[in-house]
Every structure is written in C-alpha cells, then in structure tokens.
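# Observations on the three-dimensional arrangement
These are the residues of each chain, in order.
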Amino acid sequence: MMLENFNSAYYTANLLYDLELKPEEFEEIGLIAWNKIGNRRTRLYRYTTSIQCPDNTVELPCNCDIIEAVTYNFEEWNYVTNDTVNGDYASQFIENYIETRKMYSDPLYTSGKYAKYERVGDTLYFDKNYGQVNILYKGIILDEEGLPEINEKEKEAIACYCAVTKRFKEGWKNHNQNMLQEAQLLEQRWLKLCDAARVSIYINQNEMNTILDAKTSWNRKIFNKSYKPMK
C-alpha cells in the first residue's frame, strides 16, 4: 500500500473544491479529520534513556502514541536468603538465563522490573529516580515534515473535511444560506468518505493471520499484572 505525504490532501482539496487555506490552518483542520477517521499506522519502538531531571521526569519521543511498557534495572531475584549474606546469586543467574530465552520470543516483551509512572502529554512522571529506564511504545509513522502518512482514501476524506469546515465557516460568517446548504451536502460526502477510509485498501495473508490469531486467542492474562517467573 502506497502512503503519501500528508500535505498531498491540501492539493487534492484545492483541485476538487477550489480551496485556499493557510498551511497552518490546513494542518490543524486536516489533523482533526485524520483523528476522526481513526487510522493510526504505528511501529514498535524501544527507547532507552536516563532520568536526570530533579523532578524525575522523562520526555517522550515526538512520535510516541501508545506506551506498552516502562521497565528499569534487572529482573527480580532473591536478595534475602538464609544461606548467604548478600543474597542468592544462583537465583540471579537463573533469572538472567530465563531473560535471554524470552528476549526475542515476543516483540511486546521487555526485560526489567515495571516502573511506576504517570503520563501527562509527552512527559512521564516517575515516583522516584529509577536511573536508566526502557520504554517500549508504539509510534506513529510520520513523513519528513513530522505529519502522519496517508493513503489515497484518507487523502480524499481529509480534503473533503477541509472543504466542509471552510464552507460552514464562510456561510455562518456571511449569513449565506446557499453556502450553508452546500456545506451540508459536503458533510454527507465527508461521512461517506470517512467510512470508506476506515476500511483497509488491501489485507494480505500475514495481516489476516494476525487478525485470526487475535480472534481465536484464549489468553486470560490480567491487565497491568506481570507474569514473570517467581520463586
């Protein structure tokens, strides 16, 4: 599936609806339309950084959308034991061995202990300084200008939404009933194009296999609970 630059929707709007918008105005309206469509193409990223701010905060990468996990340090092992003063080092070796076996088994898996944090915008606030933290997140695929890439159907829908917004604005501003009626007709077209844009252009066999795996999964794990091996 070919993806295009986000600004290609602007040229489509100008071509189909004779629409003239300032670049920042188009970007704002276009992103509203993109969010209404709801398509988000993401990749899985692993980002490692250190907490260096006095308020224990970390700034997220600009393309971060969904955080899958935030971990720190190494796996839990028996720090306290009756056998030795400094803990059961054998359990540490066992945990590290288990980690090497699990590291590449699942792309969503990340080693370490889960850190306690709160996300506010593009900033993570931690309850204490964990030192180095590993952030596993899904990031939106962006073009060279930092805007989401779009396909042909999304481009047409975004162009139409820009025309709807512009026509409604001009109609209310000038009290022009004809322009308001035109905007209502365009709105109906936008709704159809929006629905069409939500349907994938093509689903290959790998994507269908992923869908079927999710549909037939009997995974009964509980949200926000770790299933790492415990002694």
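Placed above this text is the structure.
The shown structure was predicted, so the numbers you read here are calculated from the model rather than taken from an experiment.

Turning to the side chain of K155, a few remarks are in order. You can see K155 is positioned in helix α4 (residues 152–174). The exposure class of K155 is buried, given its relative accessible area of 10%. A distance of 3.1 Å separates polar atoms of two side chains, one belonging to K155 and the other to E4. Filtering out sequence-adjacent residues up to four positions away, K155 remains in contact with E4, S8, A9, T12 and I150.

Next up on the list: the packing of α4 against helix α5 (residues 177–197). At a minimum axis separation of 8 Å, α4 and α5 run at an interaxial angle of 160 degrees. With respect to α5, the element α4 is oriented roughly antiparallel. Considering the relative orientation of α4 and α5, their crossing is left-handed. A per-class count over the contact of α4 with α5 returns 16 nonpolar, two polar and eight charged.

Turning our attention to unusual backbone geometry. Even without being glycine, D18 reaches a positive phi, approximately 50 degrees. Here D18 is to be found in the loop between α1 (8–17) and α2 (23–37). Using a relative accessible area of 64% as the deciding quantity, one classes D18 as exposed. With a phi angle near 55 degrees, H175 is a residue other than glycine that sits in the positive phi range. Positionally, H175 belongs in the loop between α4 and α5.

Bringing the pattern of salt bridges into the picture now. By the definition in use, this model includes nine salt bridges. In this structure, the salt-bridge partner of K166 is E25, at a minimum N-O distance of 4.0 Å. One end of the pair, K166, is in helix α4; the other, E25, is in helix α2, with 141 residues separating them in the sequence. Accessibility expressed as a relative area gives 22% for E25, which makes it partly exposed. A salt bridge links R167 to E182, with the shortest nitrogen-to-oxygen separation between them at 2.9 Å. Residue R167 is found in helix α4, and its partner E182 is found in helix α5; the two are separated by 15 residues along the sequence. The class for E182 is partly exposed, based on a relative accessible area of 35%. Sharing partners across several salt bridges, the network here consists of E4, E152 and K155.

We now examine the nonpolar core. Of all hydrophobic cores here, the largest spans 28 residues; its most connected members are F6, Y17, F26, I37, I158, C162 and W190. When residues of this core are traced back to their parent elements, those giving at least two are α1, α2, α4 and α5. It is α4 that contributes the most residues to this core, eight residues altogether. Apart from the residues within four sequence positions on either side, F26 is in contact with F6, N7, A9, Y10, L21, I158 and C162. Listed in part, the 14 residues of the second largest apolar core include I51, I67, Y130 and I135.

By definition, the strands of a sheet pair up through backbone hydrogen bonds, in either a parallel or an antiparallel sense. If you trace the four strands from one edge of the open sheet to the other, you get β1-β7-β3-β4, paired in antiparallel fashion. Looking at the sheet topology across the chains shown, the edges are occupied by β1 (42–50) and β4 (113–114). Where β1 and strand β7 (residues 132–140) come together, nine bridges link them in antiparallel fashion. Residue L44 lies in a different strand from β7, and its bridge partner there is K138.

Looking now at the sheet that holds strand β5 (residues 117–120). Pairing is antiparallel across the open sheet formed by three strands, whose spatial order is β2-β6-β5. Looking at the sheet topology across the chains shown, the edges are occupied by β2 (57–59) and β5. Going from strand to strand, the sheet's axes swing by 25 degrees on average, the running direction of each strand aside. Judged from the four bridges that link them, β5 and strand β6 (residues 123–126) form a sheet pairing that is antiparallel. Within β6, the position partnered with Y117 by the bridge is F126.

Turning our attention to a negative patch on the surface. Side chains of E24, E27, E28, E144 and E145 sit close together on the surface and give a patch of like negative charge. Relative to the helices and strands, E24 is located in helix α2. We classify E24 as exposed; its relative accessible area is 53%.

Procedures and definitions
- Residue positions are counted from 1 within each chain, in the order its sequence is given.
- Note on the predicted model: pLDDT of at least 70 is required for a residue's local features to be given, and 80 or more for side-chain atom pairs to be given and counted; whole-chain, interface and lining totals, by contrast, use all residues.
- Hydrogens are left out, water is left out, and the side-chain values use all remaining heavy atoms of the structure.
- A run of DSSP states H or I qualifies as a helix once it reaches four residues; a run of E qualifies as a strand once it reaches two. Both are numbered from the N-terminal end.
- Any residue under 20% of the maximum accessible area for its type is buried, any over 50% is exposed, and the rest in between are partly exposed; the area is computed with a 1.4 Å probe on protein chains only.
- For this analysis, a polar contact is any N or O atom pair within 3.5 Å, provided that within protein one partner can donate a hydrogen and the other can accept it, and provided that sequence-adjacent residues contribute only side-chain to side-chain pairs.
- By the convention used here, residues are in contact when the closest approach between their heavy atoms is within 4.5 Å.
- Helix axes are fitted only over the stretch in contact, all axes being lines through C-alpha atoms; the angle between N-to-C directions runs from 0 to 180 degrees.
- The scheme is simple: roughly parallel for angles under 35 degrees, roughly antiparallel for over 145, roughly perpendicular for 65 to 115, oblique for anything else.
- Helix crossings are classified by the rotation of the near helix relative to the far one: an anticlockwise turn of less than a right angle makes the crossing left-handed, while a clockwise turn makes it right-handed.
- Ten residue types, Ala, Val, Leu, Ile, Met, Phe, Trp, Tyr, Cys and Pro, are classed as nonpolar, four, Asp, Glu, Lys and Arg, as charged, and the remainder, Gly among them, as polar.
- Criterion for a salt bridge: a side-chain nitrogen of Lys or Arg within 4 Å of a carboxyl oxygen of Asp or Glu.
- The set of buried Ala, Val, Leu, Ile, Met, Phe, Trp, Tyr and Cys residues whose side-chain atoms join them within 4.5 Å is what this entry labels a nonpolar core.
- Two strands form a pair only when DSSP identifies at least two bridges running between them.
- For patches, a residue must show more than 30% relative accessible area and have no salt bridge; joins then use 9 Å for like charges and 5 Å for nonpolar side chains, namely Val, Leu, Ile, Met, Phe, Trp and Tyr.
- Method for areas: the Shrake-Rupley scheme with a 1.4 Å probe, in which residue coverage is limited to the protein chains shown.
- This count recognises Lys and Arg as positive and Asp and Glu as negative, with His and chain-terminal groups excluded.
- The atoms used to mark charge sites are NZ of Lys, CZ of Arg, CG of Asp and CD of Glu.

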